[in-house]
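What the coordinates show
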Amino acid sequence: MMEDNINTSNSNLVQPVEVDSSHKVSDQSVVTNTPSESISSNTKCTDSTGLQDLPIDKGNGVEFPVVNEDDSSNTESYETSTAEVRSSNNASSSSLDNTSDPSSSHASDEELSVSEESTDLRPNDVSSRPAESSTSNSIPLTQKFILVADVGSTIVRCHIYNKAAQLVSQAELKTKLIYPSAGAVELECDELWDKFLSVIKMALSDGDFNTADIACMGITTFRNSFVTWDRDTGKPFHNINMWQDKRTQAQTKAWNSSFTLAALKKGSGLLHSITGSQRFKAGYALKFMTQAVPLRLNWMINNTSKLKSRLKEKKVMFGTVDTWLLWKLSGERVWATDRASASGTLMYDTFQNMWSSMITGLVGIPMHILPPIVDTSGQIGVVDESIFGTEIPITGLVGDQQASLFGHCCFKPGDMKLTLGTGSFLNVNIGSKPLASITGIYPLVAWDIKNSITFTAEASSITVGTCIDWLKSTGIIQDVSSTSDIAKSVPDTNGCYFVPAFAGLPAPINDDTAGALLIGMTPTVTSAHIVRAVLESIAFVIKLQYETMVAESGHSVSHIRVDGGVSNNDFLLQCLADILQKPIHRPQTVNMTSRGAALLAGLGAGIWSCQSDLVALSPEAKIFKPQKNWHHYREVITEWERAVRRCKSWGKS
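What counts and what doesn't
- Residues numbered from 1 in each chain as written.
- Predicted model: local features only at pLDDT ≥ 70, side-chain atom pairs only at ≥ 80, totals over all residues.
- Heavy atoms only, no water.
- pLDDT = per-residue confidence, 0-100.
- Contact = heavy atoms within 4.5 Å.
- Axes fitted to C-alpha atoms, helices over the stretch in contact; angles between N-to-C directions.
- Helix = DSSP H or I, 4+ residues; strand = E, 2+ residues; numbered from the N terminus.
- Parallel < 35°, antiparallel > 145°, perpendicular 65-115°, else oblique.
- Nonpolar A, V, L, I, M, F, W, Y, C, P; charged D, E, K, R; others polar.
- Expected span 1.5 Å × (residues − 1).
- Buried < 20%, exposed > 50% of the residue type's maximum accessible area, 1.4 Å probe, protein only.
- Polar contact = N/O pair within 3.5 Å; in protein donor to acceptor, adjacent residues only side chain to side chain.
- Pairing = 2+ DSSP bridges.
- Phe/Tyr/Trp six-rings, centres within 6.5 Å; stacked < 30°, edge-to-face > 60°.

Now for the confidence of the model for the chain. Of the residues in the chain, 78% have a pLDDT of 70 or more, and the chain-wide mean is 81. Scored below 50 in pLDDT, residues 1-15 shows 73 contacts in the model against residues more than four places distant or in partner chains. Long-range and interchain partners of residues 20-44, a stretch whose pLDDT sits below 50, account for 98 contacts in this model, where long-range means more than four residues apart.

Printed below as a string of structure tokens:
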């Protein structure tokens, strides 16, 4: 079913494509130190990931050619501050009919080989020689700092870390999304690039750093947003298409109810019953979403005339945000993405670890526009000298939620983190094999380090920040930071319940037609009761996702690490600890996305030898211990689930 995919097996390191300057592409509440329990800090390092340990296999793999010179590419965290710029130098699924008691619950298929056909899709004027990089194999001892660019949907940050993984300088700038038509959500390429460069210069300046002090750079970005550009001119055909864009809503609905997809799913189900293959099980659960890339890319191709015409000439390059920034930083020479970011596009076969010809073929996306895939940590490229005056090795490239998982040192299967920002993202390390889920829990690559792939299962809800914003916009609260104290001021919700379905209900309910609901209102219900109901509803959705994830993955979870702006809400974290009956660990620094990118970049540059080196660097954490009050929440959750049933399929009426 998924034959003829471009093979990007983890058996060999894949080189990114490099391009010459003429733009012609070649194919190349206790405070304690709580380090992860996954790897002992005393463990001897045996998995060094220094640059010198990343050879290219020239016997079995494909060497991407380079054009000759004469031949003519975090849910950012929900923030309560309104400041545009800040700099610092100090710097089982739970059925809706059967509420389960958490205290009694337990955890219950290559180098990028290119086919002859796809090789023919590459430019005709390329020579076949391996990609080169000017990155040195050793880092001078005087270069001790790691620079991280953390690109969120509306905020671009730069953080600089020392060898102890301590933040020593930071800066941030806001970007502005544009809404050119109904359902359209875009970000101007030039604005992002300008803010990206500016924030890096700010962090360097404010920390009194010279670029020569920077040993390496890591990049982490929001996912599922993309841009396409011309191979020859390097100019984008359109603005960055954001993951929130809804112009494909009708197309998505039509595809999900189509005979084609129904036949595909039925065939996958039959093959799964015969073979037991987890890959076919995943195919049986295939569902298109507006947040995923394929249908939005198809829409963009069909509605952008220049893009469509250049596509016929095989002169189009595609990239998610990380790919485009890497292309720009490298002086338009390196075209690549990492496996973690690729896996989030829905155009990547997580079970075969390659771009999926089935998905791309299904929606009419030519595979020759997709970038090669590189390791998450290692020698990826260098920042062109013309940008900052000095070449900087780029040794980390990763999506935001995977970066957060790594930043928490979730290195062992069963290690789990929860990011609470604009949305909530629950990720668990599931080891060396992807998870096939029929409930909407996504199997993703967590990271690929030195040809060793770790997978994660992810469940998300995109309305956490929306719920908080709604409380403020309606006048129920004046200050976002006050919500925890307000919720604590009342013992319960006085019989009112809130369902946070501003964008439907996520997995495991999977109802994008559900409508947000506030029910059970009486004259005695106050604003404090409503605030508590809203915060509890966020926790209840996460409880459903947690129980589903644990049941499907089969991994037990000892505790949950949290990060993101909303994780500063003590009431919400205590509520989660109580209903999950698991300790919640909140580190002193809640921006684990940047930290994870820094750790990955440092590993790739040889600053640290192995993952066990990183565990000892884990920051202290405040622990929210479960209280013995499940008897209180059992009835509350049962009533809340009754409210959920009321709001389902609202959009169909």
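Now, onward.
Bringing the packing of helix α13 (residues 464-473) against helix α15 (residues 527-553) into the picture now. Two quantities define a packed helix pair, namely the angle between the helix axes and the distance between the axes. Relative to each other, α13 and α15 sit at 175 degrees, their axes nearing to 10 Å. Between α13 and α15, the angle falls in the class roughly antiparallel. In this structure, α13 contributes V464, C467, I468, W470 and L471 to the contact, and α15 contributes I530, V531, V534, L535 and I538. Looking at the contact of α13 with α15 residue by residue, the class counts come to 10 nonpolar, no polar and no charged.

Bringing helix α17 (residues 592-605) into the picture now. Taking 1.5 Å of rise per residue, the 14 residues of α17 would be expected to cover 20 Å, and the 20 Å separating its terminal C-alpha atoms lies within 8% of that figure. Judged by how many residues are buried, α17 sits mostly within the fold: 14 of 14 residues are covered. The opening residue of α17, the one whose side-chain oxygen lies 3.5 Å from the backbone nitrogen of T593, is N591. In the segment just after α17, G606 is the residue with positive phi, at about 85 degrees.

Right, let's talk about the pairing of strand β7 (residues 155-161) for a bit. Counted residue by residue, β7 has 7 buried out of 7 residues, so it is predominantly covered. The loop that links strand β6 (residues 145-151) with its antiparallel partner β7 comprises 3 residues. Sheet topology note: the β7/strand β8 (residues 167-174) ladder contains 7 bridges and is antiparallel. Bridging from a neighbouring strand, R157 pairs with E172 of β8. Between β7 and β8, which pair antiparallel and follow one another directly, the connecting turn spans 5 residues, one of which, A165, has a positive phi of 60 degrees.

Before going further, it helps to spend a moment on the packing of aromatic side chains. Under the definition given, this model contains 15 aromatic pairs. Arranged with centres 5.7 Å apart and planes meeting at 15 degrees, the rings of W193 and F196 form a pair that is stacked. Of this pair, W193 and F196 are both found in helix α2 (residues 189-206), 3 residues apart, which corresponds to roughly one turn of the helix. Geometrically, the ring pair formed by Y348 and W355 is edge-to-face, given 6.2 Å between the ring centres and 80 degrees between the ring planes. Accessibility expressed as a relative area gives 2% for W355, which makes it buried. An aromatic cluster of at least three residues, connected via ring pairs, comprises W193, F196 and W324.

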